[in-house]
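Listed below, chain by chain, are the residues.
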Amino acid sequence: MHIMEGVLPWEWALFWWALTIIILIVGIFQLNKVVRKNREVLPLLAVSGAFIFVLSSLKLPSVFGMSSTHPTGTGLSTIAFGPAITTVLCAIVLLFQALLLGHGGLTTFGANCFAMGFFGPLLAWLFYRAMQKTNINIYLTIFLAVIIAGLASYVMTALQLALAFGFETLPEFLAIFAVTQIPISIVEGLIIVVAVKFIAKVKGEFFTKTGTLTEEQVAKMNK
Amino acid sequence: MRTLDDIALLSPLRYKNTTLKVILVFIGLMAGLFSPSPILPLFIAICMVAATLLFGKIPIGMYFKLFLSVLSFAVVSAFVLAFFVHGGGETLWSINLFGWVISITTGSANLALLVLTRSASGLACVFFLSMTTPMLELFSYFKRFSFLDVFMELVMLIYRYIFVFLALLLKIQSAQAMRFGYSSFKRSMHSAGLLVGSLFVQTLEQGDRLYLSMNSRCYDGKLPYYDAKYKIMFSDALLSLLFIASIAAVFYYTRGYQFF
């Protein structure tokens, strides 16, 4: 659920753009540094970005008879690559969604990028890193991390809309998002759990290399 | 989505100067955003749609199908704003739902109309750009700024791989559907999970293959792209100036006008 082109008044559009540009400059600096040091990362990042886009265009099975829903796609990328890279990739994906599909927009790009590319993934990553080392079931941790990535993005989006149109509208925006987005996030969480299980089986070394899962956790998953 | 890029490649406006198009779209977006009255965004939307359809030779049916399907979201948000924002002014209409009063005031109606027209004008501007400029030309334009070099290479590679993975996704999905993979809710959750997982594994392998193929073509951390340069014709410049001048005129004369 992106904020459409032209919905935000110019003051807020400018504010979120400024904030996002600062985050993106830091992200691009990091990207430049990483690619210069280790140039085989670029192709991997490129295909991961395409993966996020394709995932966000995936039509999920509906829960309450709604026609179809689509996931944010950032959950898996966050737990695999971390929030900094996810932000840059997500910015590119949002740019394509705005240009090719008309989802989101150029003037509201700053707000969307902050909510979906930065805020959601950051919270999910912090949660995942904190929980991963504990003894709590790893599937539950992944499931909750994906839900947090989705819901935090939507709460932020509702907050952005409420800030722009008067704070008393916050409950209304939150209610609209809650009704539509909570089922989507739960479905996305379940699917990512199955996906992580599958990836651990086929390419478990990728997760241990990036530090997403420890070797015992991968071994336990494959048992 | 595939067709949108094909359309841009076939459009006659493709051979116009990219800088000029970017500037026009930027001015259109900004003017629509800063306008306090819904007249100017409406004017920009009409100009941009007309330019895309007449000069860009975009199929009308396809254009409006895409345009209206996206605009329907804006209509929904305009309704939300009209009902929930307490814009002040006189009450135009109100209803009492089980003790909960919902009302539309002149302030909220004006706000909703402004947001709707602003969305339409922004959308028309973005579609003008993406339907007349092939993405790769647009990106090689931004590659001139050296700070964005690596970022833009990433953008171009992602653009390429979106189509590769979309095709793969559709193939896997229809193979699963043929084997009753989506016959019940529980089974479709499982299938969708396997789909995402195998897509991710394919992504990693494709990344390795891409690196190998780039290396064997002398990749040294820089991807050279052909940067097409088109001259600005006198008639284009004149038309653009006319457009900008009329935006300024409409802005000046209608800035205080509201419908309600």
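Described below are features of the structure shown in this document. What you see is a predicted model; the values in this text were computed from it and never measured.

Turning our attention to the overall build of chain B. Of regular secondary structure, chain B possesses nine helices and two strands. Each helix and strand of chain B, ordered N terminal to C terminal, gives the series α-α-α-α-β-β-α-α-α-α-α. Over its C-alpha atoms chain B spans a radius of gyration of 24 Å, topping by over 25% the 18 Å that the globule rule assigns to 260 residues. Principal-axis analysis of the C-alpha atoms gives chain B an extent of 70 × 60 × 35 Å. In chain B, buried positions account for 49% of the 260 residues. A separation threshold of at least 6 residues defines the contact pool for chain B, and within that pool the share at least 24 residues apart is 70%. Computing the positive centroid from 20 side-chain charges and the negative centroid from 11, chain B places the two 6 Å apart.

Residue and element names in this part refer to chain B. What the rule picks out here adds up to two salt bridges over all chains. Of the charged contacts, one joins Asp236 and Lys16 as a salt bridge, the two residues approaching to 3.5 Å between their closest N and O atoms. On the criterion of sequence distance, the pair formed by Asp236 in helix 9 (residues 234–254) and Lys16 in the loop between helix 1 (2–10) and helix 2 (18–34) is long-range, its members being 220 residues apart. You can call Asp236 buried: its relative accessible area is 13%.

All names here are of chain A. Among the secondary structure elements, Thr141 is positioned in helix 6 (residues 138–165). Thr141 gets classed as buried once you look at its relative accessible area, which sits at 1%. Sequence-distant contacts of Thr141, that is, excluding residues within four places in its chain, are made with Phe127, Tyr128, Met131, Gln132 and Ile136.

Across all of its chains, the model carries 21 aromatic pairs over all chains by this definition. On the basis of an interplanar angle of 80 degrees and a centroid distance of 5.7 Å, the ring pair of Phe96 of chain A and Phe139 of chain B is categorised as edge-to-face. Of this pair, Phe96 of chain A sits in helix 4 (residues 83–101) while Phe139 of chain B sits in helix 6 (residues 135–142), which puts the two residues in different chains. With respect to class, Phe96 of chain A is no different from Phe139 of chain B; both count as buried. A ring pair is formed by Tyr159 of chain B and Phe163 of chain B, whose centres lie 5.2 Å apart and whose planes are at 85 degrees; its orientation type is edge-to-face. Note that Tyr159 of chain B and Phe163 of chain B are positioned in helix 7 (residues 149–178) at a spacing of four residues, about one turn of the helix.

Attention now goes to the packing of helix 4 of chain A against helix 7 of chain B. The N-to-C vectors of helix 4 of chain A and helix 7 of chain B enclose an angle of 60 degrees; their axes lie 11 Å apart at closest approach. As judged from the angle between their axes, helix 4 of chain A and helix 7 of chain B are oblique. The two elements helix 4 of chain A and helix 7 of chain B meet at a crossing, and its hand is right-handed. On helix 7 of chain B, the residues that touch Val88, Leu89, Ile92, Phe96 and Leu100 of chain A of helix 4 of chain A are Phe151, Leu154, Val155, Ile158, Tyr159 and Ile162 of chain B.

A separate point is unusual backbone geometry. Residues and elements named next belong to chain B. The backbone phi angle of Lys57 is positive, close to 55 degrees, even though this residue is not glycine. Mapped onto the secondary structure, Lys57 falls in the loop between helix 3 (39–55) and helix 4 (60–84). Positive phi, normally seen in glycine, also occurs at Phe180, with a value near 60 degrees. On the secondary structure map, Phe180 appears in the loop between helix 7 and helix 8 (185–215). For Phe180, a relative accessible area of 58% gives the class exposed.

Right, let's talk about the interface of chain A and chain B for a bit. At the junction of the two partners, chain A supplies 66 residues and chain B supplies 68 residues. Taking both sides of the interface into account, the surface hidden between chain A and chain B amounts to around 6300 Å²; carbon and sulfur atoms contribute 84%. When the buried surface of chain A facing chain B is broken down by residue, Arg39, Leu99 and Leu100 of chain A rank first, second and third, together holding 10% of it. Listing elements by their share of the side of chain A that touches chain B, those giving two or more residues are helix 1 (10–37), helix 2 (41–56), helix 3 (74–81), helix 4 and helix 7 (170–210) of chain A. For the side of chain A that touches chain B, the leading source of residues is helix 7 of chain A, giving 14 residues. Looking at the side of chain A that touches chain B residue by residue, the class counts come to 50 nonpolar, nine polar and seven charged.

This paragraph deals with a nonpolar patch on the surface. Residues and elements named next belong to chain B. A cluster of nonpolar side chains, Leu92, Trp93, Ile95, Leu97, Phe98, Tyr257, Phe259 and Phe260, forms an exposed patch at the surface whose accessible area comes to about 900 Å². As for its position among the elements, Trp93 is in strand 1 (residues 91–97). According to the relative accessible area criterion, Trp93 is partly exposed, its value standing at 44%.

Let's shift gears to the nonpolar core. Ranked by size, the top nonpolar core spans 136 residues in total, and within it Phe96 and Ile142 of chain A together with Leu154 of chain B carry the most contacts. The element contributing the most residues to this core is helix 7 of chain B, with 14 residues. Each of domain 1 (2–134 + 230–254) and domain 2 (144–215) of chain B gives at least three residues to this core. Setting aside chain neighbours within four positions, we find Ile142 of chain A in contact with Ile79, Tyr128, Ile192, Val193, Val196 and Met221 of chain A. Core analysis: the second largest hydrophobic core is formed by six residues, Leu24, Leu94, Phe109 and Cys113 of chain A among them.

About the thresholds
Residues numbered from 1 in each chain as written. Chains lettered and ligands numbered in written order. Predicted model: local features only at pLDDT ≥ 70, side-chain atom pairs only at ≥ 80, totals over all residues. Heavy atoms only, no water. Helix = DSSP H or I, 4+ residues; strand = E, 2+ residues; numbered from the N terminus. Rg over C-alpha atoms; globule rule 2.2 N^0.38 Å. Buried < 20%, exposed > 50% of the residue type's maximum accessible area, 1.4 Å probe, protein only. Contact = heavy atoms within 4.5 Å. Lys, Arg positive; Asp, Glu negative; His and termini not counted. Charge placed at Lys NZ, Arg CZ, Asp CG, Glu CD. Salt bridge = Lys/Arg side-chain N within 4 Å of Asp/Glu carboxyl O. Phe/Tyr/Trp six-rings, centres within 6.5 Å; stacked < 30°, edge-to-face > 60°. Axes fitted to C-alpha atoms, helices over the stretch in contact; angles between N-to-C directions. Parallel < 35°, antiparallel > 145°, perpendicular 65-115°, else oblique. Left-handed = near helix turned anticlockwise from the far one by under 90°. Buried area = accessible area lost by both parts, 1.4 Å probe. Nonpolar A, V, L, I, M, F, W, Y, C, P; charged D, E, K, R; others polar. Patch = residues over 30% accessible without salt bridge, like charges linked within 9 Å, V, L, I, M, F, W, Y side chains within 5 Å. Areas by Shrake-Rupley, 256 points an atom, 1.4 Å probe, with all protein chains shown as cover. Core = buried A, V, L, I, M, F, W, Y, C linked by side-chain atoms within 4.5 Å. Domains from an automatic or database assignment.

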